[in-house]
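# Structural features, examined
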Amino acid sequence: MSNCIYFFQQCDRNKEKLPTLTNTNILRILGAVWMASGAKGTFGEGYKIDRLKRLGLMCHWFITFVAKTVTAEKNEGNTPLEEDGFSVKHWIPKSIYITFFLWWKKACLNCFGLSNGGIEAALSQTKFKRWQDRTKPFMLSFMPVGDKSTWLAQTRKFVDALLQELPSFRAQVALQFNSSCPNTGNNPLELAPFITQIFDILEELDIPILLKINAEFPIPLAKEISLHPACSGFVMGNTLPFGSRLPEGWPQVDWIGLFGTDKPEESPLALRFEGDPKKAGGLSGAPLLPIVCHWIAEAREAGITCHINAGGGINSPRDVSKVWLAGADSISLGTISMFRPWIMLPTTLFAHFLFRLLPRK
């Protein structure tokens with residue numbers, strides 16, 4: 001138990017710099033268990049439905065907070081928000097699709113679409129606990145959206161706004177560069193040619209930066225990006241676009257078994273939005289786990305040695321063991337709070353002991 005107490009004390013050190021961006025240092029500062037981006041909202045405020053989850057003993061103890069992805073400018077997305085520009089208006093938004101059958105299968109669809117008020121509004125808001133006032137290490141998340149010709153300018157605006165406020169942050173902060181949200185109207189893989197240039201701009205922040213991707217992201221490209229001096233690692237396991245087919249020999253999602261179709265224009269969410277295939281949504285939950293494990297194992301086999309955080313379908317301590325064996329250095333928990341909230345704490349504690357006792361150098 002003394003080792004556990006020592007570990008959490010290390011995670012709470014404020015404003016500590018990572019002397020070298022090794023897996024051990026990232027693990028020591030940010031911990032072994034991170035929230036999936038947005039699992040508790042933009043500022044940790046949570047969602048209306050969380051009031052019911054508490055009945056299932058759901059808790060986020062000993063989990064590093066990760067903010068919901070923000071954009072450089074205000075983004076309407078597909079989800080109505082309150083006047084503050086960040087709080088979700090409805091208990092279960094139209095952009096989330098789940099049935100009892102899917103809950104039993106530990107899966108859901110969403111086309112949230114990165115609805116938010118933009119980086120400047122996020123840094124200046126006063127309704128919730130400000131990022132600047134947090135006292136434990138945490139992570140932000142950013143993604144450019146819209147016209148490709150503006151992506152570098154959007155990144156520049158994000159960096160400039162954050163640079164102004166970083167001196168007032170009380171805690172160590174890291175950043176997830178989200179390159180894989182399928183619900184913005186763009187194909188996430190269109191970001192690939194811009195990633196190196198975006199990292200060049202983000203590097204000015206002088207904070208740990210991890211690239212958030214899904215299993216469609218090519219492993220050879222990931223290996224190339226891992227060599228960029230600003231890349232501290234990867235967050236593997238973002239939502240998978242509806243109907244995706246992975247390379248032969250990989251685990252596949254049983255789209256027809258889950259939803260009766262594998263055509264994006266016929267997905268339950270696309271039908272809610274007048275058959276728009278760009279709003280077909282992305283899959284989260286248990287069906288992603290074997291795919292995430294396969295990608296990580298292949299990445300390690302290809303020679304990728306940087307930090308890899310595994311997220312996607314982790315719903316038990318046994319699932320933690322699976323991603324550890326595949327080669328992960330830490331995990332993210334998200335949909336477990338929806339599907340199996342009563343297992344969150346045992347899963348979190350097991351992950352801390354496993355990754356702390358047997359870290360990858």
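See the structure shown above.
Heads up: these notes are all about the structure in this document. (Residues numbered from 1 in each chain as written. Predicted model: local features only at pLDDT ≥ 70, side-chain atom pairs only at ≥ 80, totals over all residues. Heavy atoms only, no water.)

### Details of the pairing of strand E7 (residues 231-236)
Quick note on the threshold: Burial here depends on accessible area, computed with a 1.4 Å probe over protein chains only, as a share of the maximum for the residue type. Under 20% is buried, over 50% is exposed, and the range in between is partly exposed. Each helix corresponds to a stretch of at least 4 residues labelled H or I by DSSP, and each strand to a stretch of at least 2 residues labelled E; elements are numbered beginning at the N terminus. We call a crossover right-handed when, viewed with both strands directed away from the observer, the connection leading from the first strand over the helix to the second proceeds clockwise. Strand pairing is assigned whenever DSSP detects at least two bridges linking the two strands.
By the criterion of burial, E7 is predominantly enclosed, with six of the six residues buried. Considered for its hand, the β-α-β crossover made up of strand E6 (residues 209-213), helix H8 (residues 219-226) and E7 is right-handed. Pairing geometry for E7 and strand E10 (residues 307-311), over four bridges, is parallel. Counted as the bridge partner of Met236 is Ala310 from E10.

### Quick word on the sheet that holds strand E2 (residues 96-97)
The strand order across the open sheet formed by four strands is E2-E3-E9-E8, and the pairing between neighbours is antiparallel. The open sheet terminates on both sides in strands that have one partner only, identified here as E2 and strand E8 (240-241). Here strand E3 (residues 107-110) pairs with strand E9 (residues 282-285) via four bridges, running antiparallel. If you follow Cys108 over to E9, its bridge partner there is Ser284.

### Describing helix H11 (residues 289-301)
Side chains that are three or four residues apart share a direction in an α-helix, a result of its 3.6 residues per turn. Put simply, the rule reads: Expected span of a helix: the number of residues minus one, times 1.5 Å.
The end-to-end C-alpha separation of H11 is 18 Å, in line with the 18 Å expected for 13 residues at 1.5 Å each. All of the buried residues in H11 are Leu289, Ile291, Val292, Cys293, Trp295, Ile296 and Ala299. Note on H11: the residue one or two positions beyond its end, Gly303, has a positive phi of about 105°.

### Let's talk about the packing of aromatic side chains
Test applied: Here a Phe, Tyr or Trp ring, Trp counted by its six-membered ring, pairs with any other such ring whose centre lies within 6.5 Å, and the pair is stacked when the planes are under 30 degrees apart, edge-to-face when over 60, and tilted otherwise.
Tallied over the entire structure, the rule returns 13 aromatic pairs. Ring geometry for Phe138 against Phe169: centres 6.1 Å apart, planes inclined by 10°, an arrangement best described as stacked. With Phe138 in strand E4 (residues 138-142) and Phe169 in the loop between helix H6 (151-165) and strand E5 (173-178), this residue pair connects regions lying 31 residues apart in the sequence. Seen in terms of ring centroids, Trp151 and Phe194 are 5.2 Å apart; in terms of plane orientation they differ by 75°. Their pairing is edge-to-face.

### Comments concerning the packing of H6 against helix H7 (residues 195-202)
Two measures define how a pair of helices packs: the angle their axes make with one another and the distance between the axes. How we decide: Axes here refer to lines fitted to C-alpha atoms; in helices the fit is confined to the stretch in contact. Angles between the N-to-C directions go from 0 to 180 degrees. By definition in this entry, angles of less than 35 degrees are roughly parallel, angles greater than 145 are roughly antiparallel, angles of 65 to 115 are roughly perpendicular, and the rest are oblique. It is the rotation of the near helix from the far one that decides the hand of a crossing: anticlockwise by less than a right angle makes it left-handed, clockwise makes it right-handed. The contact rule is simple, with two residues in contact once any of their heavy atoms fall within 4.5 Å. Here the nonpolar group is Ala, Val, Leu, Ile, Met, Phe, Trp, Tyr, Cys and Pro; Asp, Glu, Lys and Arg are the charged ones; every other residue, Gly included, is treated as polar.
Closest axis-to-axis distance for the H6/H7 pair is 9 Å, and the angle between their directions is 20°. Put simply, H6 runs roughly parallel to H7. For the pair H6 and H7, the sense of crossing is right-handed. Of the residues in H7, those in contact with Leu152, Thr155, Arg156, Phe158 and Val159 of H6 are Gln197, Ile198, Ile201 and Leu202. Residues that form the contact of H6 with H7 fall into these classes: six nonpolar, two polar and one charged.

### Quick look at helix H14 (residues 344-357)
With 14 residues, H14 extends 20 Å from end C-alpha to end C-alpha; this agrees with the ideal 20 Å at 1.5 Å per step. Of all the residues in H14, the buried ones are Met344, Thr347, Thr348, Ala351, His352, Leu354 and Phe355.

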